[in-house]
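A look at the structure
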Amino acid sequence: MAVSGKVSTFALMIDTSAFQGKTAAYYTLGCKLNFSETSTFAKMLEEMGVRTAQKGERADICLINTCSVTEVADRKCRQVIRRMVKENEGAFVVVTGCYAQLSPERISKIDGVNLILGSNEKATLIERLSQKWGECLNDSDSKTEWKVEKVKDIRSFAPSCSRGNRTRYWLKVQDGCNYYCTYCTIPKARGNSRNPSIASLVEQACVAAGEGGKEIVLTGVNIGDFGRTTGESFLDLVKALDGVEQIQRYRISSLEPDLISDELICYCADSRAFMPHFHIPLQSGSDHVLRLMHRHYDTALFREKILRIKQLMPDAFIGVDVMVGCRGETPECFEETYRLLEELPVTQLHVFPYSERPGTAALKIPYVVSDADKRERSQRLLELSDRKTEEFYSQYINKEMPVLFEKADKGKAMHGFTPNYVRVELSARQSSEDLDNQIVSVRLTGFNHDKTALKAEIG
């Protein structure tokens, strides 16, 4: 199990006899951090004798890890909960995650939900599940229980380093956020920034290496803010993890522009294992809108960081988050965003429309963008993203590059990624399960049918 010793032995403290031979189904909504946490919970239940239910098989336990980044996400969470209850009649249903933290009372009104846990309680999910499970066994009319601390009291940190059914490991290095951007509910859902010690994270990386892991993705809510709890720095963490020599690749999931120091860029450029791959949220290319959002940087700083990365790592893949249609984004402000992204050597855009969130300061901003304008702006940026990604990929056609191949879904092409995150697909003729988690030198021959990857040949 790819978690620290403290977490992996936790199940030993629980009477697991009632769980032997049971099955569980999992559903994760939202970010990569949620996927990492769900995977860790699944592994802990597996240690207790719980098997993951097969597709179409009724589960005894359902765990739903929720997201609340938009109103659409909230609605999808409710739909998933109801569907999981319906498809697994009589199952014990646990709901956790951001939506559980923000709207526990609303979730408690959904028939079939047994346990709702907020962000502070997530660290003791298995223990609370065991307690409530025993109560339900003795009382079939047991009421829904929900435990959600106020945001100011969220202090726990639930460790997570797991790969689930994937090839790469996801190491949670940080949780929470202190930024309180005007459009965002995440600080209310996950609390303030906090982190474990570097020593504990190095220990988890060593466990992953011992299990044969070759690549680890560092994940969290605002990982560049690492060190709030322990007084260490994110650069200190990067250097320490780079010393775990069995891990051949590290990727940093997302870094705020104001937290990317020149020292970090320089270190990654010469690093043994940190890949030339960055994901940096911009949100808006208009300084006026950035001020309305209460972001901690301006476009000049963002531009400086992008150009510095490309100067030291010309092959670096740079993904960028962009929000369209937020309050205050006039047509002129959007055009500023478009021009900035068109000019800069970024690789791919993650585009998402602004969603009104109750209780956020953004609702006080008077200028409202119509849904039609949001769609039109999103489409323009997505088309720009496609062009930039295609241009970036095109540079590597007819070149040889090392690719870490990943387990393919049944009936799909074997795929993997180059060091700089170019997605690669292997022909069916050369695909083999033996290639899973192997780094292999391939020749990149051209685009696949929908230009989402480059085709590759071995040898």
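To be clear, the structure that these remarks concern was listed above.
Residues numbered from 1 in each chain as written. Predicted model: local features only at pLDDT ≥ 70, side-chain atom pairs only at ≥ 80, totals over all residues. Heavy atoms only, no water.

**Brief notes about the sheet that holds strand 13 (residues 348-353)**
Which entries qualify depends on this criterion: Any two strands with at least two DSSP bridges between them are considered paired. The helix count covers DSSP runs of H or I at least four residues long, the strand count covers runs of E at least two residues long, and both are numbered beginning at the N terminus. To define axes, lines are fitted to C-alpha atoms, for helices over the stretch in contact only, and angles between the resulting N-to-C directions are given on a 0 to 180 degree scale. The contact definition used throughout considers only heavy atoms, calling two residues in contact when any of these lie within 4.5 Å.
Spatially, the three strands line up as an open sheet ordered 11-12-13, and their pairing is parallel. The open sheet has two edge strands with one neighbour each: strand 11 (277-283) and strand 13. Shown here is a sheet whose adjacent strand axes are inclined to one another by a mean of 20 degrees, direction ignored. Relative to strand 13, strand 12 (residues 317-324) is paired through six bridges, and the arrangement is parallel. Each bridged residue has a counterpart across the sheet, and for Val320 the counterpart in strand 13 is Leu349. With respect to the sheet, helix 12 (residues 299-312) is in contact with strand 11 and strand 12, its orientation differing from that of strand 11 by roughly 165 degrees.

**Brief notes about helix 12**
Residues spaced three or four apart along an α-helix point in a common direction, a consequence of the helix completing one turn every 3.6 residues. Where we set the bar: Take the residue count of a helix, subtract one, and multiply by 1.5 Å to get its expected span. Per-residue accessibility, obtained with a 1.4 Å probe over protein chains only, is compared with the maximum for each type, and a residue is labelled buried under 20%, exposed over 50%, and partly exposed between these values. Note: the arc covers the axis-to-C-beta directions of the helix.
Here helix 12 contains 14 residues, and its C-alpha end-to-end distance of 20 Å stays within 8% of the 20 Å for a straight helix at 1.5 Å per residue. Of the residues making up helix 12, those classed as buried are Thr299, Phe302, Lys305, Ile306, Ile309 and Lys310. For helix 12, the angular spread of buried residues about the axis comes to 130 degrees, placing them on one side. Exposed and oriented more than 90 degrees from the buried face of helix 12 are Ala300 and Gln311. Packed against the buried residues of helix 12 are helix 10 (262-270), strand 11, helix 11 (287-293), strand 12, helix 13 (331-343) and helix 14 (371-394).

**Focus: the side chain of Thr337**
Under the convention used in this document: Pairs of N or O atoms are called polar contacts if they sit within 3.5 Å, as long as, within protein, a hydrogen donor faces a hydrogen acceptor (for residues adjacent in sequence, only side-chain-to-side-chain pairs).
Tracing the backbone shows Thr337 in helix 13. A polar contact of 3.5 Å, which involves the side chain of Thr337, links it to the side chain of Ser284. The residues contacting Thr337, other than those within four sequence positions of it, are Ser284, Gly285, Ser286 and Val322.

**A word on the nonpolar core**
What counts, and what does not: What makes a nonpolar core is a set of buried Ala, Val, Leu, Ile, Met, Phe, Trp, Tyr and Cys residues whose side-chain atoms join them at distances within 4.5 Å.
By size, the foremost hydrophobic cluster in this structure holds 65 residues, and its most contacted members are Leu218, Phe234, Tyr250 and Leu381. With residues up to four places along the chain from it excluded, the contact list for Tyr250 reads Ala205, Ile216, Leu218, Leu241, Asp242, Val244, Arg272, Ala273, Phe274 and Met275. If you look at the next biggest cluster of nonpolar residues, it comprises 22 residues, including Ile81, Val93, Ala100 and Ile110.

**Brief notes about the sheet that holds strand 9 (residues 215-219)**
Here we have four strands laid out as an open sheet, ordered 7-8-9-10, and mixed in their pairing. The strands lining the two open edges of the sheet, one partner per strand, are strand 7 (161-162) and strand 10 (249-252). Across the sheet, helix 2 (residues 32-47) lies against strand 7, strand 8 (169-172) and strand 9, angled at about 100 degrees from strand 8, the strand it touches most.

**Observations regarding the pattern of salt bridges**
Heads up, the condition is: Counted as salt bridges are all cases of a side-chain nitrogen of Lys or Arg within 4 Å of a carboxyl oxygen of Asp or Glu.
If you walk through the whole model with that rule in mind, you get 31 salt bridges. Salt-bridge contacts for Asp74 lead to Arg357; the nearest nitrogen and oxygen are separated by 2.9 Å. One end of the pair, Asp74, is in helix 3 (residues 71-87); the other, Arg357, is in the loop between strand 13 and helix 14, and 283 residues separate them in sequence. Summarising the burial analysis for this pair, Asp74 and Arg357 share the class buried. Where Arg249 meets Glu215, a salt bridge forms, and the shortest distance between an N and an O atom there is 4.0 Å. Within this pair, whereas Arg249 is found in strand 10, its partner Glu215 is found in strand 9, the two being separated by 34 residues in sequence. Taken individually, Arg249 and Glu215 each receive the classification buried, so the pair is uniform in this respect.

**Quick look at the packing of helix 8 (residues 198-210) against helix 9 (residues 234-242)**
Selection criterion: An angle below 35 degrees is treated as roughly parallel, one above 145 as roughly antiparallel, one from 65 to 115 as roughly perpendicular, and anything else as oblique. Should the near helix be turned counterclockwise from the far one by less than a right angle, the crossing is left-handed, whereas a clockwise turn marks it as right-handed.
One can describe the packing of helix 8 onto helix 9 by two numbers: an axis separation of 10 Å at closest approach and a directional angle of 30 degrees. With respect to helix 9, the axis of helix 8 lies roughly parallel. In this structure, the crossing between helix 8 and helix 9 has a hand that is right-handed. Of helix 9, the residues touching helix 8 (which contributes Ile198, Leu201, Val202 and Ala205) are Asp236, Leu237, Ala240 and Leu241.

**Details of the environment of Asp60**
Locating Asp60 in the fold gives a position in the loop between strand 2 (51-52) and strand 3 (61-66). Along the backbone, Asp60 and Gly21 are 39 residues apart, and their C-alpha atoms lie at a distance of 9.7 Å. When neighbours within four sequence positions are excluded, Asp60 is seen to be in contact with Lys22, Thr23, Ala91, Phe92 and Trp133. Within the structure, the side chain of Asp60 is placed 2.9 Å from the backbone nitrogen of Thr23, a separation counted as a polar contact. Looking at Asp60, its side chain comes within polar contact range of the side chain of Arg58, at 3.0 Å.

**So, the layout of surface pockets**
It is the rolling of a water-molecule-sized probe over the atoms that shows where space remains empty. Defined as follows: In the cavity and pocket records, a cavity denotes points on a 1 Å grid over the protein atoms alone where a 1.4 Å probe fits but cannot get out, a pocket denotes an open set with protein on both sides within 12 Å along at least 5 of 7 lines, and lining residues are residues with an atom within 4 Å of a point. Grid points are joined across faces, edges and corners, and a volume is the space filled by probe spheres set on the points. Each residue is assigned to one class: nonpolar for Ala, Val, Leu, Ile, Met, Phe, Trp, Tyr, Cys and Pro, charged for Asp, Glu, Lys and Arg, and polar for all the others, Gly among them.
If you add up the space inside the second largest pocket, you get close to 1,300 Å³. Around the second largest pocket sit 33 residues that line it, and Tyr26, Ala42, Thr52, Ala53 and Asn165 are the ones nearest its centre. Element by element, the count of residues in the lining of the second largest pocket is highest for helix 2, at seven residues. Broken down by class, the residue content of the lining of the second largest pocket amounts to 12 nonpolar, 11 polar and 10 charged.

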